[in-house]
Amino acid sequence: MSNGPWVSPPIKPAVRVAFRPPMTLNIRWSATLPGDARHLLAIDPAGAHLYAGDGWGVTYASLSLRLIDMNDGRELRRMRTKYQQPRSITYRGPDLLVATDSRLFQLSRSDLQVRRTWERGVPRFADALELESDKLLMTNWLRPTAGIFDLMSGRSARWLLEAGLRPFRMQTHLAVYSLHSGLLRSVDVATRSSEIIFRGAAGLWVALAADRWLALLTGPWKPVRGGLEEPVKETRDLVVYDLKTGTARNRNLSRDTVAVEAANNSPILWLLQREPGPRVLPSIVERVDAQSCQTVDTIAAPRGSDVVQVVADRSVVFFGQPQYREHQAVISCGIIT
């Protein structure tokens with residue numbers, strides 16, 4: 001694909017989407033977690049467990065990572081994270097790696113037993129992790145630098161790219177998209193080298209569906225404070241790049257949209273949207289076929305709840321009902337069938 005400026009071709013007639021029966025939302029369980037917002041929620045690759053980090057409003061001494069049974073929401077284990085909030089997770093064989101504000105833990109996936117802890121030289125505030133051999137790519141989506149942490153030596157290196165970095169897997173290799181510059185790069189963590197695949201648009205969220213369609217919620221970045229820039233909080237503009245054909249489709253959405261998620265095993269996009277009115281958090285999921293950009297169906301959160309996370313490859317939606325006075329939230333696990 002060319003490295004020149006990306007030009008969106010004229011919109012083609014809509015592709016007809018095969019009939020899909022209405023989807024059903026089944027709330028499997030609800031559990032009360034400490035913190036009223038911003039919980040880390042990650043489903044184990046085997047699908048049996050949920051790793052849940054405490055959210056905002058928890059005393060530092062109590063901050064923990066919890067092992068939750070995905071069948072019924074029972075808490076099975078708990079591990080204190082040393083006065084720092086769990087921020088991001090990835091997996092290393094039978095273990096998991098969890099980053100907090102400035103520490104990194106290697107834990108057993110089955111019982112959270114601590115295998116190893118790194119407390120010095122760990123890149124701070126990483127909200128996304130990708131492991132390549134023994135080198136860990138650590139990014140914070142607002143920063144223009146990525147951190148590379150060597151698990152063997154315990155040393156880290158800084159890699160200057162662009163702001164708004166979102167890493168993901170493309171087939172067998174690692175890529176990063178800069179939401180600030182619109183550059184999609186394939187990257188080699190070991191050599192800190194990259195190759196621009198194409199130049200897209202700036203935006204606030206990006207996801208890859210079926211290893212082919214790159215879905216971007218487009219929108220400008222604006223100065224906020226101290227010379228920093230941040231993207232807009234919501235948008236109604238969606239562009240889907242077809243990485244196989246080199247074409248793009250644009251779609252104007254009917255609701256304010258704050259995030260898009262997707263899976264490698266499906267062409268369906270999951271758009272997290274707000275209801276009309278003065279809402280801050282999303283409470284609707286609109287599912288869109290990536291190839292045609294047509295709506296497949298919509299899923300509404302239970303009354304009084306917000307959509308806090310979508311795990312597209314598991315067809316799972318987590319809903320949250322904050323209880324601010326108690327500094328906790330009721331998290332519900334919904335399965336889409």
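Parameters and conventions
For every chain, the first residue of its written sequence is number 1, and the numbers climb from 1 along that sequence. A pLDDT threshold of at least 70 governs which residues receive local features in this predicted model, and a stricter bar of 80 or more applies before side-chain atom pairs are shown or counted, although totals over entire chains, interfaces and linings include all residues. Side-chain descriptors were evaluated using all non-hydrogen atoms of the structure, hydrogens and water having been removed beforehand. We count a stretch as a helix when DSSP gives it H or I for four or more residues in a row; a strand needs E for two or more, and each element gets its number in order from the N terminus. For the radius of gyration, the atom set is restricted to C-alpha positions; the globular benchmark scales as 2.2 Å times the number of residues to the power 0.38. The buried label goes to any residue with under 20% of its type's maximum accessible area, the exposed label to any with over 50%, and the partly exposed label to all in between, with areas taken from a 1.4 Å probe on protein chains only. Computed by Shrake-Rupley with a 1.4 Å probe, the accessible areas treat only the displayed protein chains as cover when residues are assessed. Only four residue types enter the tally: Lys and Arg on the positive side, Asp and Glu on the negative side, with His and both chain ends excluded. To locate a charge, take atom NZ for lysine, CZ for arginine, CG for aspartate or CD for glutamate. Strands are treated as partners if at least two bridges between them are detected by DSSP. Axes here refer to lines fitted to C-alpha atoms; in helices the fit is confined to the stretch in contact. Angles between the N-to-C directions go from 0 to 180 degrees. Should any heavy atoms of two residues lie within 4.5 Å, those residues are considered in contact. The set of buried Ala, Val, Leu, Ile, Met, Phe, Trp, Tyr and Cys residues whose side-chain atoms join them within 4.5 Å is what this entry labels a nonpolar core. The definition of a polar contact used here is a pair of N or O atoms within 3.5 Å, where within protein one atom must be able to donate a hydrogen and the other to accept one, and adjacent residues in sequence count solely through side-chain atom pairs.

*Asks:* It is not clear to me how the overall build of the protein chain should be interpreted in this structure. Could you clarify?
*Replies:* For the protein chain, the helix and strand inventory stands at zero helices and 29 strands. A globule of 337 residues ought to have a C-alpha radius of gyration of about 20 Å, and the protein chain, at 20 Å, matches this closely. Expressed as lengths along the three principal axes of its C-alpha atoms, the size of the protein chain is roughly 55 × 50 × 40 Å. Within the span of the protein chain, comprising 337 residues, buried residues form 50% of the whole. In the form shown here, the protein chain has an accessible surface area of approximately 16,100 Å², with 49% of it arising from carbon and sulfur atoms. Of note, the protein chain has its 43 positive side-chain charges centred 1 Å away from the centre of its 33 negative side-chain charges.

*Asks:* Can you help me understand the sheet that holds strand β4 (residues 64-69) in this one?
*Replies:* Consider a sheet: its strands pair through backbone hydrogen bonds, and that pairing is either parallel or antiparallel. Strand order in this open sheet of four strands is β2-β3-β4-β5, and the pairing throughout is antiparallel. Each end of this open sheet is capped by a strand with a single partner; those strands are β2 (40-43) and β5 (75-80). The sheet shows a mean angle of 20° between the axes of neighbouring strands, direction not considered. Relative to β5, β4 runs antiparallel, the two sharing five bridges. By the bridge assignment for β5, Ile 68 is matched with Glu 75.

*Asks:* Can you walk me through unusual backbone geometry in this structure?
*Replies:* Negative phi values dominate among residues other than glycine, just as trans dominates among peptide bonds. Even without being a glycine, Gln 171 presents a positive backbone phi close to 55°. Topologically, Gln 171 is positioned in the loop between β14 (165-170) and β15 (173-178). Here Cys 293, not a glycine, exhibits a phi torsion of approximately 65°, which is positive. Assignment of secondary structure puts Cys 293 in the loop between β25 (284-289) and β26 (295-300). Note on Cys 293: relative accessible area 6%, which makes it buried.

*Asks:* Can you help me understand the environment of Trp 118 in this one?
*Replies:* Counting through the fold element by element, Trp 118 comes out in strand β9 (residues 114-118). By relative accessible area, Trp 118 is classed as buried at 5%. Each C-alpha atom, one on Trp 118 and one on Arg 155, is 9.8 Å from the other, the two residues being 37 residues apart in sequence. Ignoring anything within four residues of it in the chain, the contact list for Trp 118 reads Leu 97, Arg 103, Leu 104, Phe 105, Gln 106, Phe 149, Leu 151 and Gly 154.

*Asks:* Explanation requested: the sheet that holds β14 in the structure shown.
*Replies:* Pairing in this open sheet of four strands is antiparallel, and the strands run β14-β15-β16-β17 from one edge to the other. Looking at strand neighbours, the two that pair on one side only are β14 and β17 (193-199), the edges of this open sheet. Averaged over all pairs of adjacent strands, the angle between strand axes in this sheet comes to 30°, irrespective of strand direction. Examined bridge by bridge, β14 and β15 share six bridges and lie antiparallel to one another. Looking at β15, one finds that Arg 166 is bridged to Tyr 177.

*Asks:* Would you mind showing me how to read the nonpolar core here?
*Replies:* One recurring pattern in soluble globular proteins is that nonpolar side chains are buried together. Membership of the largest hydrophobic core comes to 18 residues, with the highest contact counts inside it found for Phe 168, Met 170, Tyr 177, Leu 184, Leu 214, Tyr 241 and Leu 243. Elements that contribute at least two residues to this core include exactly β14, β15, β17, β18 (203-209), β19 (213-218) and β22 (235-242). The next biggest cluster of nonpolar side chains, apart from the first, holds 16 residues, and it includes Val 311, Phe 318, Ala 329 and Ile 331.

*Asks:* Looking at this structure, I do not really get the side chain of Ser 332. What am I missing?
*Replies:* The topology assignment puts Ser 332 in strand β29 (residues 328-336). For Ser 332, a relative accessible area of 11% gives the class buried. One polar contact links Ser 332 to Ser 30, side chain to side chain, over a distance of 2.7 Å. Those residues within four positions of Ser 332 in sequence are excluded, and the remaining contacts are Ile 27, Trp 29, Ser 30, Val 317, Phe 318 and Phe 319.

*Asks:* What should I look at first to understand the environment of Ile 43 in this one?
*Replies:* Mapped onto the elements of the fold, Ile 43 is located in strand β2. Setting aside residues no more than four positions away along its own chain, Ile 43 makes contact with His 49, Leu 50, Met 70, Tyr 91, Val 311, Arg 314, Val 316 and Phe 318.

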